[in-house]
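# Architecture at a glance
Listed below are the residues making up each chain.
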Amino acid sequence: MIERRPLLSFSSHVIMVIGIIAVALPVWITFVAATHTTERMLVSPLPLLPGTHFWENLKMVLFTQEFLGTTRAPVWLSMTNSLIIALSIAIGKIVISLLSAFAIVYFRFPGRMLFFWMIFITLMLPVEVRILPTFEVVANLGMLDSYWGLTIPLIASATATFMFRQAFLTVPDELLEAARLDGAGPLKFFWDILLPLSRTNIAALFVILFTFGWNQYLWPLLITTKTEMHTVVMSIKQMLEVAEAVPQWNIIMMTSLVAMLPPILVVVLMQRLFVKGLVESEK
Amino acid sequence: MASIQINNLRKTYDGGVQAVKGVSIDIKDGEFIVLVGPSGCGKSTLLRMVAGLETITDGELFIGDRLVNTIEPADRDIAMVFQNYALYPHMTVYNNLAYGLKNRGFAKAEIGKRVRKAAEILEIGEYLERKPRQLSGGQRQRVAMGRAIVRDPAAFLFDEPLSNLDAKLRVQMRLEIRKLQKELGTTSLYVTHDQLEAMTLADRLVVLSGGEVEQIGSPIDVYEKPASTFVATFIGSPAMNLLPLSKDDNNWKLDNSAVVDVKLSTDLAELTLGVRPEDLVIEELSEKFDTGLHTALKVTAVEPVGAESYVHGTIGEGSVDIVVRAPGKLHFEPGQILKVTAKPDKLHTFDMLTGKRIELQGTLEIA
Ligand SMILES: Nc1ncnc2c1ncn2[C@@H]1O[C@H](COP(=O)(O)OP(=O)(O)OP(=O)(O)O)[C@@H](O)[C@H]1O
Ligand SMILES: [Mg+2]
């Protein structure tokens, strides 16, 4: 805005501050809770300032298997699982949808529109809807308690294909024609021109898909039985469910804190790439 | 470098649109051919068939002595400059120029040499490390040209390469393209709908209309002897005046009414008479020609365009509009009657039905 009205800028600042508080307060409380002892967290009023047990709690969360009498995967392991799953889903989805969007947009083959609509229709069937048949298939293929079973059903979906299709449609035909005259075959065109031009889309999608994969709860819960295959999101939920015992809030909050880090890291790192991409490329 | 032979080329699109209906052109080695015509006449389609970007429905296309109908674009040894440049946005200027050479397996050193030479010719040497978006329209245009010349192809194809530039730059680039083409001696096929661009660039013009060739010839030939009323009105600005005449008791009449004083020796009872605006002379301002065309013009408007003026008016019963191009700043009132006259050798005659040019034997009798 070019206008400078003090009242307006004051009130917009107030709104922003309120917004920031609304978002940041829970995170702050999580952080504070993660720095106290279990006992302190059971006494009201709850602390609002950090305590001194941060490192202790962190160590316990990352490496202890015993938790209120039950064994569970230490958080470093469930974090690794989550990381492998989230990365596989994000990368797998991006690779597959780049290729299928490329085929749909740039090749004329019989049944092209049929395939497009078939892919498109799966948009309406997220994992939650097709969960029973999918479970059946995965179980029959012997993929329970494996990374394959955890990732493949989540990789197969159409959102990303659809997005890349739209992105490819905005690339001018002349670029393809110029590349053809320059002696680039279909794969060279894909690799040398289409892929670099889709960088920003890929980065954006990676952020979304990584978070999507990281936050998966229902599907991993269903198909994993061994504790060493658990994801970090599952661990948090399980810590809350220990029967006949008071929840150890400091430990739970520390786990949440640790679990929040990778998605934040991805957003921060990818954001730099986005901005760079936005500034540098132009169609 | 090579000749290009276009034999009865046809293109029918999937929807049944006949975009090109049997076009034949013999392009000599090193010649600059300009395809010109109104929008939708099939210029781009023809050019793209030569490039290999559009399949050929029927006919034969030779580049050099090779039949290339089914050869891939990259293997036809041609380079194309697109209207919107089609530069690769994520590559530097250097890589834009080098890409085609890399794909053809040229050695790094050779690529570097060629790119730098092309950059020098086009004066884009200092931009080699920039991305296309960091360049002005004119500079992008040069890069697009550079991408064509580094390959040293048998022929250049241009599809309205200057239409995205402003008027001044267009004139400048026009001259440069012409100069460059003469220096390199590369056979060129150039599409434009701008008749001025066509006239100034071409060794020979090909005027297209509705997917068919109306006329092929040097710009001067096409201008001085248009093969049809279509060409006559398309080439030249303002357009040639056309007067539908019919003979009645040895008098030529306009619209079967007003008598027009023109001497033509022909047996035809009907024809279209053409006369260019600059060939019409206002009697009040200069001499009267004894023979030729004499008629009275009722002024409707005068457009001063600097060094000259376009005098618009009607003749006959007011049904036929004509334009006179006269030097100087002129002032006439609307409604004023002027006598206009044209020399006999400046008159063009066309068949009224087909629009084709007719050469009258011993065209005009002396009065
Ligand atoms: N892909 C296509 N499918 C069907 N018809 C087409 C296609 N491309 C062009 N046409 C039609 O073919 C005819 C010639 O088109 P073309 O693009 O060659 O015209 P042009 O002379 O280049 O016109 P302009 O000066 O506007 O660029 C037009 O009637 C157009 O509608
Ligand atoms: Mg065109």
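That block above? That's the structure.
Attention here is on the structure that accompanies the text.

## Concerning the pairing of strand E10 (residues 212-217) of chain B
Residue and element names in this part refer to chain B.
- Two strands pair when backbone bridges link them, and strand E9 (residues 204-209) and E10 are joined in this way by five bridges, in the antiparallel orientation. Bridged to Leu205 within E10 is Gly217.
- In this antiparallel pair of consecutive strands, E9 and E10, the connection spans two residues, and Gly210 shows a positive phi of 55°.

## Details of helix H1 (residues 6-33) of chain A
All names here are of chain A.
- For H1, with 28 residues, the first-to-last C-alpha span of 39 Å sits near the 40 Å given by 1.5 Å per residue.
- A maximum bend of about 35° is found in H1 at Ala24, where proline Pro26 lies one to four positions downstream.
- Within the sequence span of H1, burial applies to Thr30, Val32 and Ala33.

## What to know about the packing of helix H4 (residues 75-106) of chain A against helix H8 (residues 159-169) of chain A
All names here are of chain A.
- Where H4 contacts H8, the axes come no closer than 8 Å and their chain directions differ by 50°. Between H4 and H8, the angle is such that the two are oblique. For H4 against H8, the interelement crossing comes out right-handed. Of the residues in H8, those touching H4 at Lys93, Ile94, Ser97, Leu98, Ser100, Ala101, Phe102, Ile104, Val105 and Tyr106 are Thr159, Ala160, Thr161, Phe164, Arg165, Phe168 and Leu169.
- In terms of residue class, the contact of H4 with H8 is built from 11 nonpolar, four polar and two charged.

## A word on the pattern of salt bridges
- Throughout the structure, instances matching the rule amount to 16 salt bridges over all chains.
- Between Arg325(B) and Glu308(B) there is a salt bridge, with its nearest N and O atoms 2.9 Å apart. Of this pair, Arg325(B) sits in strand E18 (residues 320-327) while Glu308(B) sits in strand E17 (residues 308-315), and the two are 17 residues apart along the sequence.
- Overall, the relative accessible area of 24% leaves Arg325(B) in the partly exposed class.
- Residue classification places Glu308(B) among the partly exposed positions, given a relative accessible area of 21%.
- If you follow the salt bridges from partner to partner, you end up with Glu177(A), Arg48(B) and Glu54(B) in one network.

## Let's talk about the sheet that holds strand E4 (residues 58-63) of chain B
Residue and element names in this part refer to chain B.
- If you trace the four strands from one edge of the open sheet to the other, you get E2-E1-E4-E5, paired in antiparallel fashion. Looking along the sheet, the strands with just one partner apiece sit at the ends: strand E2 (18-27) and strand E5 (66-67).
- Sheet contacts for helix H1 (residues 43-51): strand E1 (4-12), E2 and E4; angle to E1, the most-contacted strand, approximately 120°.

## A short note on the interface of chain B and chain A
- On the side of chain A, 18 residues touch chain B, which itself brings 26 residues to the contact.
- Summed over both partners, the interface of chain B with chain A buries about 2000 Å², with 55% contributed by carbon and sulfur atoms.
- Per-residue buried area on chain B facing chain A is highest for Pro89(B), His90(B) and Arg133(B); these three make up 27% of the total on that side.
- Inspection of the chain B/chain A interface yields two salt bridges.
- Residues Glu177(A) and Arg48(B) are paired through a salt bridge, measuring 2.8 Å at the closest nitrogen-oxygen approach.
- Applying the counting criterion to the chain B and chain A interface returns 10 residue pairs in polar contact (both at pLDDT 80 or more).
- Among the elements of the structure, H1, strand E6 (78-81), helix H2 (93-103) and helix H4 (137-149) of chain B are those that each provide at least two residues to the side of chain B that touches chain A.
- Broken down by element, the side of chain B that touches chain A gets its largest block of residues, three residues, from H2(B).
- Among the residues making up the side of chain B that touches chain A, the classes are represented as 13 nonpolar, five polar and eight charged.

What counts, and at which threshold
- Residues numbered from 1 in each chain as written.
- Chains lettered and ligands numbered in written order.
- Predicted model: local features only at pLDDT ≥ 70, side-chain atom pairs only at ≥ 80, totals over all residues.
- Heavy atoms only, no water.
- Pairing = 2+ DSSP bridges.
- Helix = DSSP H or I, 4+ residues; strand = E, 2+ residues; numbered from the N terminus.
- Expected span 1.5 Å × (residues − 1).
- Bend = angle between axes of the 7 residues up to and from the residue.
- Buried < 20%, exposed > 50% of the residue type's maximum accessible area, 1.4 Å probe, protein only.
- Axes fitted to C-alpha atoms, helices over the stretch in contact; angles between N-to-C directions.
- Parallel < 35°, antiparallel > 145°, perpendicular 65-115°, else oblique.
- Left-handed = near helix turned anticlockwise from the far one by under 90°.
- Contact = heavy atoms within 4.5 Å.
- Nonpolar A, V, L, I, M, F, W, Y, C, P; charged D, E, K, R; others polar.
- Salt bridge = Lys/Arg side-chain N within 4 Å of Asp/Glu carboxyl O.
- Buried area = accessible area lost by both parts, 1.4 Å probe.
- Polar contact = N/O pair within 3.5 Å; in protein donor to acceptor, adjacent residues only side chain to side chain.

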